[in-house]
Amino acid sequence: MTSLSTVVLAASEHADVVPVAADGVFSWLWLVVAIPAVSAAILLIGDGAGDHGPLDRFGHLLGTLAAIASFVVGLVAFIALLGQDVAERAITHDLWTWMQVGGFDVTMSVYYDQLAALFVLLITGVGSLIHVYSIGYMADDPRKRRFFGFLNLFIAAMLVLVLAGDYLVLFLGWEGVGLASYLLIGFWQEKRSAAVAAKKAFVVNRVGDLGLALGIMLMFAQFGTTNIHDVGLNVANASQGVATALGLLLLLGACGKSAQVPLQSWLLDAMEGPTPVSALIHAATMVTAGVYLVVRSAAIYDLSEVARTAVVVVGAVTLLYGAWIGCAKDDIKKALAGSTMSQIGYMMLAAGLGPAGYAFAIFHLITHGFFKANMFLGAGSVMHGMNDDVDMRHYGALRTMMPVTFVTFAMGYLAIIGFPGFSGFFSKDKVIEAAFATNFWAGLAALVGAGVTAFYMTRVMIMTFFGEKRWREGVHPHESPKIMTVPLIVLAALSVGGGALLFSSWIVDWLAPVTGEEHHELPVPPIVITAIIVLVVAAGIALAYVLFGRRAIPDTAPQKVSVFTRAGRADLYGDAVNEALFMRPGQYLTRSLVYVDGSGIDGAVNGTAELVGDGARGLRRLQTGFVRTYAAEIFGGALVLVLALLAVNLA
Amino acid sequence: MSFPWLTILMVVPLVGAAVVAALPRSRPELAKWAALVVSLVSLAVSLGVLSQYDLDGAGYQLAEQHEWIAALGVHYAVGVDGIGLTLILMTTILVPIVIIAGWNDADGARWSVGTFFALMLALEGLVIGVFAATDVFLFYVLFEAALVPAYFLIGGYGGARRSYAALKFLMFSLAGGLLMLASVIGMWALSNSQGDPSFLLADMKDLSIGTVEGRWLFMGFFIAFAVKAPMVPLHTWLPDAASAATPGTSVLLVSVLDKLGTFGMIRFCLGLFPEASEWASPVVITLAVVSILYGALLAIGQDHLMRLIAFTSVSHFGFIVLGIFALTTQSASGATFYMFNHGLSTAALFLIAGFLIQRRGSARISDFGGVQKIAPITAGLFLIAGLASLSLPGLATFVGEFLVLAGTFTRSPTAAVFATLGIVLAALYILLMYQRTMTGPLRDDNRGVTDMVPREIVAIAPVVVLLIGFGLFPQPILDVINPAVSDTLDHVQIGDPEPQTPSFPTAEGSSK
Amino acid sequence: MNVEPFIGLSALLFTIGAVGVLVRRNAIIVFMCVELMLNACNLAFVTFARANGNLDGQIAAFFVMVVAAAEVVVGLAIIVSIYRTRRSASVDDASLLKL
């Protein structure tokens, strides 16, 4: 690990950034958020205005146009940012005071800098492509309008997240994307599994949000502000313990949103949502928000080695965990979801390396956004032609039937395994190099992960596009319409060419003012590492080819499999652990509390009432109804009175 | 003497109640329209009060004061500060909504339709009086008087176990009220021994109260308010009452009447007994956190829609009490704002659940399933109300809840950490309920459920608009609340904790 | 004046009346016994008025008489109506007040 002195040096660089007030095109940046938000509102409120109205016929076009308009604004702002002086590339724009009580002052502000600019382009760009694709994919869905409304809502919330100038505003976007994710996973609500998966995603995310929320509270208690920039400045004065606590709390939030171990369990179930959703939210953008959070909070992580180590460990574990699952799944979307977890693990690992890795985390995040969106949409295109069958054992030999899908998917495939020259090659190579430079074990995990990635992605490729036909009866695979293949082609091109961002290390220099910059010397020349990676990847491909390409794929999943496959199919028992540790005890606790409340606390109340009632029933026996008894009681009473008076007088 | 805004505001619904009750029984539609008009007039008057309220002014505004029982020092004295005004607005906003939503709830009841709406208006008038009273005796009288219409609303128009629920509600409230009466008398005795007796809040604040006496008197008030609030373990009347009453009554009960408890805590416990409040705060904070978690866990375990919502309120009241007794400006302002928002969000939940129950003929969650398919508007609004209940950022409840938590964190991080667990449980109880009622395949016995009719949408829509509007722009209301809260906390003489890390030298002004 | 014989007689009459109220079942006789007790009190009142030389006791005795007369009116009416409905003047039969 790096020595602390270099780290503190890097941290002080953040202090150099002085945000400037927005003017010109930047003062219109709020439109990036407002356009999709307004569109979402129109599409969703119009829901009740009767079926088959104009909104139903043209709603999807409105939604798509909103995303594209947002992209255009983002692009204009990006170009303007390129024209700014390096010192003036952090731009703030205060919109209104969200809440102010005493010293607690949260401003709805836009904070647009190099990091945010890249995210805005990724979100709106990939988002627009996926909107276009969805026009074809969701063409026959009766609730298409609502789908586009939710997608727009997601775009707006995700942009709030990356443009926020205050952690609490970031939290607004953070929960907003969670809501959009919930709504979209459960879009086909009549499927019970979809509804359950949606709820699970939200609840697991809330566990992560717990960390983020507590982190924000700790910031307020410590620094009296939750403004991201001010927290970054003030954290330098904080104690080690505070920095570590903040780092770990934010990491918990990041784990939830980015499906990192131990909060990974929701992502595989989230594949219940429509495939464009899986591509946009659960591959390209939302799940990378955790990485964004860590990089955005670089000032905090720079100060705490413990927190950074935790990030690296989480990243390394998840990258292997996800890859393992990816190897065992027959469901094409779940295989890709495992891969997403694994790739985000790479990003986390890189982000945990500190200034040496932040830029590469973002670089891999962007290239991953391209190629994973590409592959998910490709998978959607395959499913579209296969009557929504997701089992790869029912595919095979689709390369001739779906040439465009095949070629574009292959581009994504080559990118993700890190085939030299493709975008993933550069980004993954850089992450592994940085990992080796910092810590041997982190580097080794990343290296092994690269091999496994090559293995399972080759498996997906072979099972889907090569080998024998294993189609079910009545399935007639066909290429998808243009509206779906054009976005695929664009994304494929980006998957191939995304590596250009690293040209003369542009992205590193671009992000340096935000993330700091640091370079660790490798013990061996970088070319050696690169060669080793290529060899490991080749080994992964070869193994997959031997196992799946040379022999026929069984039509149904074989049951006699190694314990590793079994574990992978069961998501490494993540759900089982959750069930044993949380759900069952929780249900038991709830049930027993309901019992205690009913018979204990309320029982005490009702018991008191009954006690009074019983006493009254006992006393009632004195009322016999016989006049003479009453008379005797009166005389008895009078007698007692007289005797008492006498006793008092005599005494 | 200027225009008696507050008296008018109080009298309009009370007179309206008498008029509505006197309308002939044979014409229920007339009674409904009359009640709606009266409630809308009250809303208009309350907006008039708001327009007269000076944001920068100090203390109680629009005050009126007349001698009532000179010998005892009792006055008819009313006035509003930001806290009271916020809650009055909440009341006047909710009553028309409840009337519209409960338009047909009293049809077919044993008692007349007119009486139902008259009781609602009477409750509104009395509650407004409580929020405006600046005389302790007047407060006590109105506080107890408000029980009467509530009792008849539960007992006269509810479901199967309405008598049991009404009696339970009354007994709990009366028991608490008696303790408060003892404290009120104790306050009078103190006042009497230190010169001319006076029940005026302003005079009582200046009394010199010994530490021990102060703590006893504090407990009398606090227990009465804790029953009303309701805090664990004094909460068991609420689920019974909410499940037995009509949805509209439940709203008035939980959203409005229960706020008297938390309102009383901030105005009387903190205002009259600052020392005792600080002394008791560790215990109260613990109880509040227990309420948050206990209410949430019990909500998860319920199969009855109304009971579930009632338990979510137990949890939310925990947040409010936590905010009040954390004694920071953030938490107390947040708690007040949360009172307002909780009123709105719970109203929406109760009313929509009421629509569902009425159509399905069952309140059991397990009897529902797949309703979303045939009632999409109901499902959408139910989800928004639910999201407000789990305090999703962007909705008004989040602002209140986060302010409470952030303020509490500066005072007691442990309490804040445990309270924050409540947000995970909130997601569970709301989304489980939504999943079980709305999603999944449509069950055959649910086919009769129809979507909301325009009247019902008109009732719910303003609530949703307010929740979203105040979620993004809460500052107008916070500006009303803040001065009153800081006045109260100045009286307690305990400042906000300072940020623990010294500020970075150049941090000043760099963010703006 | 020696009041003891008068008071003794008064106490005797009162005791007779009280015992009669407690042990007899016939409503008329119980009623008579009540009158007897009242008159025993009257005797005591008048005796003490005479002994103390002022009129307070006598006035009280008049009040008692008025009350007794009123009581006779109401009481006898009740007894008669009970007798009409149940053909009995026994006080033990009229025990409907008990649950």
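It is worth spelling out the overall build of chain B at this point. Counting its regular elements, chain B contains 20 helices and two strands. Taking 2.2 N^0.38 as the reference for a compact globule, 512 residues should give roughly 24 Å; the C-alpha atoms of chain B span a radius of gyration of 22 Å, in line with that estimate. A principal-axis box enclosing the C-alpha atoms of chain B has dimensions of 70 × 65 × 40 Å. Residues counted as buried form 63% of the 512 residues belonging to chain B. Taking as baseline every contact in chain B between residues at least 6 positions apart, the subset at least 24 positions apart corresponds to 82%.

Once that is clear, we can look at the overall build of chain A. Helix and strand content of chain A: 25 helices and three strands. C-alpha atoms of chain A, sized along the principal axes, occupy 120 × 65 × 55 Å. Counting across all 651 residues of chain A, residues that qualify as buried make up 59%. If you take every contact in chain A between residues at least 6 apart in sequence, the share linking residues at least 24 apart comes to 82%.

Before going further, it helps to examine the interface of chain B and chain A. With 57 residues of chain B at the contact, the number on the chain A side is 55 residues. At the level of elements, helix 13 (274-300), helix 15 (329-360), helix 16 (376-389), helix 17 (396-411), helix 18 (413-438) and helix 20 (475-492) of chain B are the ones that each hand at least two residues to the side of chain B that touches chain A. The element that contributes the greatest number of residues to the side of chain B that touches chain A is helix 18 of chain B, accounting for 11 residues.

Size of an interface: often given as the accessible area lost when the parts come together. Listed as interface residues are 10 residues of chain C and, on the opposing side, 10 residues of chain A. Within the side of chain C that touches chain A, the residues separate by chemical class into seven nonpolar, one polar and two charged.

For the rest of this paragraph, the subject is helix 9 (residues 240-257) of chain A. For helix 9 of chain A, which comprises 18 residues, the first-to-last C-alpha distance of 26 Å matches the rise-based estimate of 26 Å (1.5 Å per residue) to within 8%. Just downstream of helix 9 of chain A, Ala259 of chain A is the residue with a positive phi angle, here 55 degrees.

Residues and elements named next belong to chain A. Among the structural elements, Thr244 can be located in helix 9. Counting along the chain gives 101 residues from Thr244 to Arg143, while the straight-line C-alpha distance between them is 47 Å. Setting aside its immediate chain neighbours within four residues, Thr244 contacts Ser304, Val306 and Ala307.

A separate point is the packing of helix 7 (residues 192-223) of chain A against helix 9 of chain A. Helices that pack against each other are described as a pair by the angle of their axes relative to one another and the distance between those axes. All names here are of chain A. Relative to each other, helix 7 and helix 9 sit at 155 degrees, their axes nearing to 7 Å. Looking at the two axes, helix 7 sits roughly antiparallel to helix 9. For the pair helix 7 and helix 9, the sense of crossing is left-handed.

A word on helix 5 (residues 136-145) of chain B. Residue and element names in this part refer to chain B. Burial of helix 5 is extensive: seven of the 10 residues sit out of reach of the surface. Within helix 5, burial applies to Val136, Phe137, Leu138, Phe139, Tyr140, Leu142 and Phe143. Looking at the buried residues of helix 5, the elements they touch are strand 2 (74-80), helix 4 (113-132), helix 7 (162-193), helix 8 (201-205) and helix 12 (259-272).

Residue and element names in this part refer to chain B. Running from amino to carboxyl end, helix 6 (residues 147-157) crosses helix 11 (residues 247-257) at an angle of 155 degrees, the nearest separation of the two axes being 10 Å. Comparing the axis directions of helix 6 and helix 11 gives the class roughly antiparallel. Crossing hand, helix 6 versus helix 11: left-handed. Every residue of helix 11 that contacts helix 6 at Ala150, Leu153, Ile154 and Tyr157 is listed here: Thr249, Leu253 and Leu257. Classifying every residue of the contact of helix 6 with helix 11 gives six nonpolar, one polar and no charged.

Here we take up unusual backbone geometry. At the junction of Ala229 of chain B and Pro230 of chain B, the peptide bond is cis and its omega measures out at -15 degrees in the coordinates. Tracing the backbone through its elements, the reader meets Pro230 of chain B in the loop between helix 9 (211-228) and helix 10 (237-244). For the peptide bond that leads from Val232 of chain B to Pro233 of chain B, omega is 5 degrees, which places it in the cis range. The residue Pro233 of chain B is located in the loop between helix 9 and helix 10 in this model. At Ser505 of chain A, a residue that is not glycine, the phi angle is positive and equals roughly 40 degrees. Its place among the elements puts Ser505 of chain A in the loop between helix 20 (482-497) and helix 21 (506-515). Within the chain, Arg87 of chain C stands out as a residue other than glycine whose phi angle is a positive 55 degrees. Overall, Arg87 of chain C belongs to the exposed group, with 8 C-beta atoms counted inside 10 Å.

This brings us to the environment of Ser427 of chain A. All names here are of chain A. Along the chain, Ser427 falls in helix 18 (residues 423-438). Accessibility expressed as a C-beta count within 10 Å gives 31 for Ser427, which makes it buried. Ignoring any residue separated from it by four or fewer positions in sequence, one finds Ser427 in contact with Phe360, Phe363, His364 and Thr367.

Attention now goes to the sheet that holds strand 3 (residues 104-112) of chain A. Residues and elements named next belong to chain A. Ordered in space as 1-2-3, the three strands form an open sheet in which the pairing is mixed. Here the strands that pair on one side only, and so sit at the sheet edges, are strand 1 (20-21) and strand 3. With nine bridges joining them, strand 2 (residues 91-101) and strand 3 adopt antiparallel strand pairing. Note that in strand 3 the partner of Met99 across the bridge is Val106.

Attention now moves to the pairing of strand 2 of chain A. Residues and elements named next belong to chain A. By the bridge criterion, two bridges tie strand 1 to strand 2 in an arrangement that is parallel. The partner of Ala21 across the bridge, within strand 2, is Thr92. Linking strand 2 back to strand 3 in an antiparallel pair, the connection comprises two residues, with Gly102 at a positive phi of about 55 degrees.

Residues and elements named next belong to chain B. In this model, chain B carries a mean pLDDT of 92, and residues with pLDDT of at least 70 account for 98%. Per-residue pLDDT stays below 50 along residues 506-512; that stretch engages in 11 contacts with residues further than four places along the chain or on separate chains. As scored by the predictor, the complex reaches a pTM of 0.90 and an ipTM of 0.93.

Criteria and cut-off values
- Residues numbered from 1 in each chain as written.
- Chains lettered and ligands numbered in written order.
- Predicted model: local features only at pLDDT ≥ 70, side-chain atom pairs only at ≥ 80, totals over all residues.
- Helix = DSSP H or I, 4+ residues; strand = E, 2+ residues; numbered from the N terminus.
- Rg over C-alpha atoms; globule rule 2.2 N^0.38 Å.
- Buried ≥ 20, exposed ≤ 12 C-beta atoms within 10 Å, placed from the backbone.
- Contact = placed C-beta atoms within 7 Å.
- Nonpolar A, V, L, I, M, F, W, Y, C, P; charged D, E, K, R; others polar.
- Expected span 1.5 Å × (residues − 1).
- Axes fitted to C-alpha atoms, helices over the stretch in contact; angles between N-to-C directions.
- Parallel < 35°, antiparallel > 145°, perpendicular 65-115°, else oblique.
- Left-handed = near helix turned anticlockwise from the far one by under 90°.
- Pairing = 2+ DSSP bridges.
- pLDDT = per-residue confidence, 0-100.

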